[in-house]
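# Fold and contact review
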Amino acid sequence: MVSRPAFIALGRLLMLIAVAAVAGLVFGGLLFWLVGLLAAALAWQLYNLFRLERWLSLREGKLPRGVFGVWGQVYAGIYRLRSKHRERKKRLSRVIKEFRRSTAALPDASVVLNADHEIIWLNRAATELFGIRKADRGLRVDNIIRDPVFVDYLRSVDQDAPVEIRSPSKPGARLSLRLVPYGGEGQQMLLGRDITDRIRLEKVRRDFVANASHELRSPLTVINGYLDSLTSDPELPGAWRQPVCDMSHQAGRMQAIVEDLLTLSRLEAGAKKPARDRVDVGGLLAMIRKDALSLPERPGTIELRLDSEADLTGAENELYSAFSNLVSNAVKYTPATGRVEIGWSVDERGGHITVADTGKGIPADAIPRLTERFYRADKGRDRVSGGTGLGLAIAKHVLERHGATLEIESELGQGSRFTCHFPPERLAPGDNVVNLQQA
Ligand code: ADP
């Protein structure tokens, strides 16, 4: 649709042609008048165009005065667009400034990297924690943070779990690093947090538990010794027999808890990687089965099924405590009429130790929490059953240290199956394809 000023402009042009026609008729030389007046109109338009071009080249041009009609509209339209654009730019730069100010003030280090891991931007904390300076922009980040753990993490495909390294610039500090996708074109944000205090607190907690358990061990041994002598003393008055037996039972439980806490502390404080001794799995499981058979209240059948002769590499004492915890649980939570089956097999996914029972089973909602310390599926009864509540926590810890996982399947009233899955690299060299069934 033609706007009103455009309509007026068109009217003016027609009027001009009419004036030229009348002047040509009155004074003669129609063509001269027509060309003359049209040339004047063209000059006027060119003048306005020139003015517009000059105005556009001014960055902060105000709306010029005395411009009407179509040109007035063109100026007003452009002026509106420019104002809007300027406003948006101001808003955007305010947001960017605000973002930079807030990330600069963050105690966590942030570094923006391009797809080639070159540094694009960094905040103040990045200088303190990583030792990266503004002048390092454009350099690859692994030229500055050279810790092999970080270099591997930078190259790995799975970057979901953060890694921990020593700070390259802040003495004694430990950092947790995480890479997250940022913006487009393969950019990433490297986030670093100082976790020195958290690690120190964890150590204080671990040391406290280890020291408390250690301090409790000696007095408990003395108490247990006296209570043992008392329970077997024929001269103990009849009225005292039951209370002394109860005390002896509870003191025994306390000693078992202290021993399990010490085992956990040892596992946590020990070297990051367990020993790589050759462990005879068949022999180890046979020994655990023999121990289980000697327990007074046990299910009628405890079977051992060895489908493989393969050995594992790891710390024998740790593996013994993990497997014997699983077997003693199966024995503890299975009635005398039930059965327990211990199995060892190997396939292309690795080695698998299974402890299956036909016991009371575990409610589905309790399964994910079983390996938490002191967690019991049946709070009242499981405590009475004499367990420490730490057996599965120990088992999980040991398995994690050996790169293995614990799978728990169970159905209430039907029984449970605990399977330890060891990766192929944990099988002793030369043993990873030996399978009794195939032999
Ligand atoms: P506890 O010393 O109490 O047995 P654990 O850490 O070994 O502690 O086990 C945690 C809880 O898991 C137990 O209290 C029990 O509720 C449940 N549980 C473990 N093994 C079995 C099993 N084979 N059958 C039924 N429940 C089990």
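Residues numbered from 1 in each chain as written. Predicted model: local features only at pLDDT ≥ 70, side-chain atom pairs only at ≥ 80, totals over all residues. Heavy atoms only, no water.

## Thoughts on the pairing of strand 3 (residues 163–166)
Rules: A simple rule labels every residue: compare its accessible area, found with a 1.4 Å probe on the protein chains alone, to the largest value its type can have, and call it buried under 20%, exposed over 50%, or partly exposed in between. A run of H or I in DSSP becomes a helix once it reaches four residues, and a run of E becomes a strand once it reaches two; helices and strands are each numbered from the N terminus. Two strands qualify as a pair provided that DSSP identifies no fewer than 2 bridges between them.
Here strand 3 shows a buried face lined by V163 and I165 and an unburied face lined by E164 and R166. In terms of strand pairing, strand 3 meets strand 4 (residues 174–181) through four bridges, oriented antiparallel. Its bridge partner being in strand 4, V163 is matched across the sheet by L177.

## Considerations on the packing of aromatic side chains
Each aromatic ring pair is specified by the distance between its two centres and by the angle formed by the two planes. Threshold: Whether two aromatic rings pair depends on their centres lying within 6.5 Å, for rings of Phe, Tyr and Trp, where Trp uses its six-membered ring; planes under 30 degrees apart make the pair stacked, over 60 edge-to-face, and the rest tilted.
Within this structure, the stated rule accounts for seven aromatic pairs. A centroid spacing of 6.0 Å and a plane angle of 35 degrees characterise the contact between F27 and W33, whose relative ring orientation is tilted. A residue is classified by how much of its surface remains accessible, and W33, at 29% relative accessible area, is partly exposed. In this structure an aromatic cluster arises from ring pairing among F27, F32 and W33.

## What to know about helix 5 (residues 148–155)
Keep this limit in mind: Taken from the helix axis, the directions to the C-beta atoms give the arc we talk about. We call two residues in contact when some of their heavy atoms are within 4.5 Å. Think of a polar contact as two N or O atoms within 3.5 Å of one another; within protein, one of them needs to be a possible hydrogen donor and the other a possible acceptor, and neighboring residues in sequence only count if both atoms come from side chains.
Regarding helix 5, the residues found buried are F150, V151, Y153 and L154. Angular distribution of buried residues about the axis of helix 5 spans 160 degrees; they occupy a single face of the element. Exposed side of helix 5, more than 90 degrees from the buried face: P148, D152 and R155 are the residues found there. Buried residues along helix 5 sit in contact with strand 1 (109–113), strand 3, strand 4 and strand 5 (188–194). The residue sitting at the N-terminus of helix 5 and contributing the capping side-chain oxygen is D147; that oxygen lies 2.9 Å from the backbone nitrogen of V149.

## Points about the packing of helix 8 (residues 281–293) against helix 9 (residues 316–332)
To keep things clear, this is the line we draw: Whenever a helix is involved, its axis is fitted only over the stretch in contact; in every case the axis is a line through C-alpha atoms, and angles between N-to-C directions fall within 0 to 180 degrees. Our angle categories are set so that under 35 degrees counts as roughly parallel, over 145 as roughly antiparallel, 65 to 115 as roughly perpendicular, and the remainder as oblique. Left-handed describes a crossing whose near helix is turned anticlockwise from the far helix through less than a right angle; right-handed describes the clockwise counterpart. Each residue gets one label: Ala, Val, Leu, Ile, Met, Phe, Trp, Tyr, Cys and Pro are nonpolar, Asp, Glu, Lys and Arg are charged, and the others, such as Gly, are polar.
In contact at an axis separation of 10 Å, helix 8 and helix 9 are set at 40 degrees when each is read in the N-to-C sense. The angle between helix 8 and helix 9 places the two elements in the oblique class. Crossing hand, helix 8 versus helix 9: right-handed. Across the interface between the two elements, L284, L285, M287, I288, D291 and A292 of helix 8 pack against E316, L319, Y320, F323, S324, V327 and V331 of helix 9. Tallied by class, residues from the contact of helix 8 with helix 9 come to 10 nonpolar, one polar and two charged.

## What to know about the pattern of salt bridges
Applied cut-off: Salt bridge, as used here, is a side-chain nitrogen of Lys or Arg placed within 4 Å of a carboxyl oxygen of Asp or Glu.
For the coordinates displayed, the defined rule picks out 20 salt bridges. For E128, the salt bridge identified is with K170, shortest N-O distance 3.6 Å. In this pair, E128 is assigned in helix 4 (residues 124–130) and K170 in the loop between strand 3 and strand 4, connecting sequence segments 42 residues apart. On the basis of relative accessibility, which here comes to 45%, the residue E128 falls in the partly exposed class. Salt-bridge contacts for R140 lead to D142; the nearest nitrogen and oxygen are separated by 2.9 Å. R140 sits in the partly exposed class, given a relative accessible area of 32%. Shared partners join several salt bridges into a network, and the residues in it are E128, K170 and D194.

## Looking at the side chain of D357
Definition in use: His is not counted, nor are the chain ends; Lys and Arg add positive charge and Asp and Glu add negative charge.
Looking at where D357 falls in the secondary structure, it is placed in strand 10 (residues 350–357). No salt bridge is formed by the buried D357; its nearest oppositely charged neighbour, R417, is found at 9.5 Å. Separated by 2.9 Å, the side chain of D357 and the backbone nitrogen of G359 make a polar contact. Every residue in contact with D357, bar those within four places of it in the chain, is listed here: A330, T334, R339, V340, Q414, G415 and S416.

## Things to note about empty space enclosed by the protein
A water-sized probe, rolled over the atoms, reveals where empty space remains. Rules: Buriedness for pockets is judged along seven lines, at least five of which must meet protein on both sides within 12 Å for an open set on the 1 Å grid over protein atoms alone, while cavities are sets there where a 1.4 Å probe fits but cannot get out, and lining residues have an atom within 4 Å of a point. Grid points are joined across faces, edges and corners, and a volume is the space filled by probe spheres set on the points.
Within the structure shown, the criterion is met by one cavity of 30 Å³ or more. When its volume is computed, the largest cavity comes out at roughly 30 Å³. Forming the walls of the largest cavity are R205, V209, L261, L264, S265, E268 and R373. The set of elements that each furnish at least two residues to the lining of the largest cavity consists of helix 6 (196–231) and helix 7 (238–269). The element contributing the most residues to the lining of the largest cavity is helix 7, with four residues. Its residues assigned to classes, the lining of the largest cavity comprises three nonpolar, one polar and three charged.

## Some points on unusual backbone geometry
Positive phi, normally seen in glycine, also occurs at H117, with a value near 65 degrees. Mapping H117 onto the fold places it in the loop between strand 1 and strand 2 (119–122). The phi dihedral of F374 is positive, around 65 degrees, even though this residue is not glycine. Note that F374 resides in the loop between strand 10 and helix 10 (379–384). Taking the relative accessible area as the measure of exposure, F374 reaches 42% and is therefore partly exposed.

## Some words on the side chain of T388
Within the secondary structure, T388 is located in the loop between helix 10 and helix 11 (391–401). The buried category is assigned to T388, whose relative accessible area is 10%. A polar atom in the side chain of T388 sits 2.6 Å from the side chain of D260. In this view, T388 contacts A256, I257, D260, F374 and R376; residues no more than four positions away in its chain are not counted.

## With respect to the domain arrangement of the protein chain
Using the following cut-off: An automatic or database domain assignment supplies the residue ranges for each domain.
Parsing the protein chain into structural domains produces domain 1 (4–99), domain 2 (106–194), domain 3 (199–269) and domain 4 (277–428). Centre-to-centre, using C-alpha coordinates, domain 2 lies 48 Å away from domain 3.

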